[in-house]
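Chain residues, written in single-letter form:
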Amino acid sequence: MKGLVIKNTGSWYTVKTDDGTVIESKIKGNFRLKGIRSTNPVAVGDYVQLITNQEGTAFISAIDDRRNYIIRKSPNLSKQSHILAANIDQALLVVTVNYPQTSTTFIDRFLAGAEAYRVPVVLAFNKCDILSEEELHYERMMMTLYGHIGYQCIKLSAATGEGIDRLLPLLVGKVTLLSGNSGVGKSTLINRLIPGASLRTAEISDAHNTGMHTTTFSEMLELPAGGDTVTEEGESRHPGYLIDTPGIKGFGTFDIEPEELTSYFKEIFEFSKDCKFSNCTHTHEPGCAVRKAVEEHYISESRYQSYLSMLDDKEENKYREAF
């Protein structure tokens, strides 16, 4: 029997079979012996093979080949990875310029990780309704920066509904991973997009301007059906799915080699073609077109610093805070 993993609570996986039946499943014991260096060898979005039992539950006996996935360094085990989701069409990264502040380092690490696995990213700048004029100006600068690089940016307020009409068409018919720091409003956004989801939300911690964790497991949620679920050719398509994931404090990248990193920063990759040396690391070499572009402001200083911080990841522990 084949099914789609729609929820992962750590020890149990909720699987929706091809006929629509939902079965609680566990991993067969020998799964962890196959060299999968991950804290969660099965992820939401995986298509799996099931062996049912008399208790009405099932064992997951195999995983189908993944089209793609988003992965990060395990927050607790440096030698292992943590798969956020598999077989996704895009990622929606929810960021806030304040309450709490999302750092450009976090954004850039997420974007590079998504580029590594060929996952498109849309940036949703949330909480525009509570920002000061100065913060709104900074938000516009951020949206200009990432928009110029080639990432679609949407300004919205999950609390008031502003901008939702621009976001919804991007989600229809697609499987979208929803991610971001704790407290940026992912649960509020889901409640806005999927009436009846009733996800728990929490206030921001005033003392540290940081988010409180409200989502503790990953789950795939179906968007409500609308008129856009029928294509111009008259074919029906699924209304779309959001994969809700726990808020993450840091995004430690996993299995990205230094020589690959340039290609995961779109604008750095473009300028790197003009470097004097083909193996230029853009740190000290003569004739480096990337460093020249940073000096001339064609590449932003914040993006270049994010690139340098990822080059240092081999000795890095600073992005491995617990969930």
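The structure presented is a predicted model; accordingly, all values stated were derived computationally and were not measured.

**Overview of the overall build of the protein**
At step 1: On a plain count of helices and strands, the protein comes out with 8 helices and 13 strands.
At step 2: The 323 residues of the protein split such that 50% are buried.
At step 3: In the protein, 66% of the contacts between residues at least 6 apart in sequence involve partners at least 24 apart.
At step 4: On the protein, roughly 15,800 Å² of surface is accessible, and the fraction owed to carbon and sulfur atoms is 49%.

**Description of unusual backbone geometry**
At step 1: The omega angle of the peptide bond from Tyr99 to Pro100 is -5°, so this bond is cis rather than trans.
At step 2: Along the polypeptide, Pro100 turns up in the loop between β8 (90-95) and α1 (104-116).
At step 3: Positive phi, close to 55°, is recorded for Asn87, a residue that is not glycine.
At step 4: For Asn87, the location among the structural elements is in the loop between β7 (81-86) and β8.
At step 5: Take Asn87: its relative accessible area is 11%, and that puts it in the buried class.
At step 6: Of note, His282 is a non-glycine position whose phi angle comes to about 65°, a positive value.

**With respect to the packing of aromatic side chains**
At step 1: Throughout the structure, instances matching the rule amount to 4 aromatic pairs.
At step 2: Measuring from ring centre to ring centre gives 5.8 Å for Phe265 and Tyr307, while their planes differ by 85°; the resulting arrangement is edge-to-face. Here Phe265, found in the loop between α5 (258-261) and α6 (266-272), pairs with Tyr307, found in helix α8 (residues 301-311); they are 42 residues apart in sequence, far enough to count as distant.
At step 3: Look at Phe265 and you get buried, because its relative accessible area is 0%.
At step 4: Taken together, a centroid distance of 6.4 Å and an interplanar angle of 20° make the contact between Tyr304 and Tyr307 stacked. Taken as a pair, Tyr304 and Tyr307 lie in helix α8 at a separation of 3 residues, close to a single helical turn. Here the two residues Tyr304 and Tyr307 agree in accessibility, since each one is buried.
At step 5: Among the aromatic residues, ring-to-ring pairing joins Phe265, Tyr304 and Tyr307 into one connected group.
At step 6: The ring of Tyr69 carries Arg66 above its face, with NZ or CZ at 5.7 Å from the centroid.

**Here we look at the packing of α1 against α8**
At step 1: One can describe the packing of α1 onto α8 by two numbers: an axis separation of 9 Å at closest approach and a directional angle of 65°. Between α1 and α8, the crossing angle belongs to the class labelled roughly perpendicular. In the packing of α1 onto α8, the handedness of the crossing is right-handed. Between α1, through Thr104, Thr105, Asp108, Arg109, Leu111 and Ala112, and α8, the contact on the second element is made entirely by Ser302, Arg303, Ser306, Ser309 and Met310.
At step 2: By residue class, the composition of the contact of α1 with α8 is 3 nonpolar, 5 polar and 3 charged.

**Some words on the UniProt feature "binding site: Zn(2+)" (unreviewed entry) in the protein**
At step 1: With numbering aligned to this structure, UniProt lists the feature "binding site: Zn(2+)" (unreviewed entry) at Cys275, Cys280, His282 and Cys288.
At step 2: Taking the relative accessible area as the measure of exposure, Cys280 reaches 9% and is therefore buried.
At step 3: Contact partners of Cys280, with chain neighbours within four places excluded, come to Cys275, Glu285 and Cys288.
At step 4: One can find His282 in the loop between α6 and α7 (289-295).
At step 5: Note on His282: relative accessible area 2%, which makes it buried.
At step 6: The contacts of His282, once residues within four sequence positions are left out, are Thr262, Ile268, Ser272, Cys275, Cys288, Val290, Arg291, Tyr304, Tyr307 and Leu308.
At step 7: Separated by 3.2 Å, the side chains of His282 and Thr262 make a polar contact.

**Here we look at the packing of α1 against helix α2 (residues 133-149)**
At step 1: Two numbers describe how α1 lies on α2: the axes approach to 13 Å, and their chain directions differ by 25°. If you check the angle between α1 and α2, you find them roughly parallel. The two elements α1 and α2 cross, and the hand of that crossing is right-handed. Along its contact with α1, which presents Thr104, Ile107, Asp108 and Leu111, the element α2 presents Tyr138, Met142 and Tyr146.
At step 2: Of the residues in the contact of α1 with α2, the class split is 5 nonpolar, 1 polar and 1 charged.

**Considerations on the pairing of strand β10 (residues 152-155)**
At step 1: Bridging between strand β9 (residues 121-125) and β10 involves 4 bridges; their strand directions are parallel. Within β10, the residue paired with Phe125 across the bridge is Lys155.
At step 2: Where the polypeptide runs from β9 across α2 and back to β10, its parallel neighbour, the crossover connection is right-handed.

**Some words on the side chain of Thr96**
At step 1: Mapped onto the secondary structure, Thr96 falls in the loop between β8 and α1.
At step 2: Classification of Thr96 by relative accessible area gives buried; the value is 2%.
At step 3: Within the structure, Thr96 has its side chain in polar contact with the backbone oxygen of Pro100 (distance 2.5 Å).
At step 4: Once residues lying within four places of it in the same chain are set aside, the contact partners of Thr96 are Gln101, Thr102, Asn126, Lys127 and Val184.

The rules we used
Residues numbered from 1 in each chain as written. Predicted model: local features only at pLDDT ≥ 70, side-chain atom pairs only at ≥ 80, totals over all residues. Heavy atoms only, no water. Helix = DSSP H or I, 4+ residues; strand = E, 2+ residues; numbered from the N terminus. Buried < 20%, exposed > 50% of the residue type's maximum accessible area, 1.4 Å probe, protein only. Contact = heavy atoms within 4.5 Å. Areas by Shrake-Rupley, 256 points an atom, 1.4 Å probe, with all protein chains shown as cover. Phe/Tyr/Trp six-rings, centres within 6.5 Å; stacked < 30°, edge-to-face > 60°. Lys NZ or Arg CZ within 6 Å of the ring centre and 35° of its normal. Axes fitted to C-alpha atoms, helices over the stretch in contact; angles between N-to-C directions. Parallel < 35°, antiparallel > 145°, perpendicular 65-115°, else oblique. Left-handed = near helix turned anticlockwise from the far one by under 90°. Nonpolar A, V, L, I, M, F, W, Y, C, P; charged D, E, K, R; others polar. UniProt positions renumbered as here; feature names shortened; annotations may be inferred. Polar contact = N/O pair within 3.5 Å; in protein donor to acceptor, adjacent residues only side chain to side chain. Pairing = 2+ DSSP bridges. Right-handed = clockwise from strand over helix to strand, strands pointing away.

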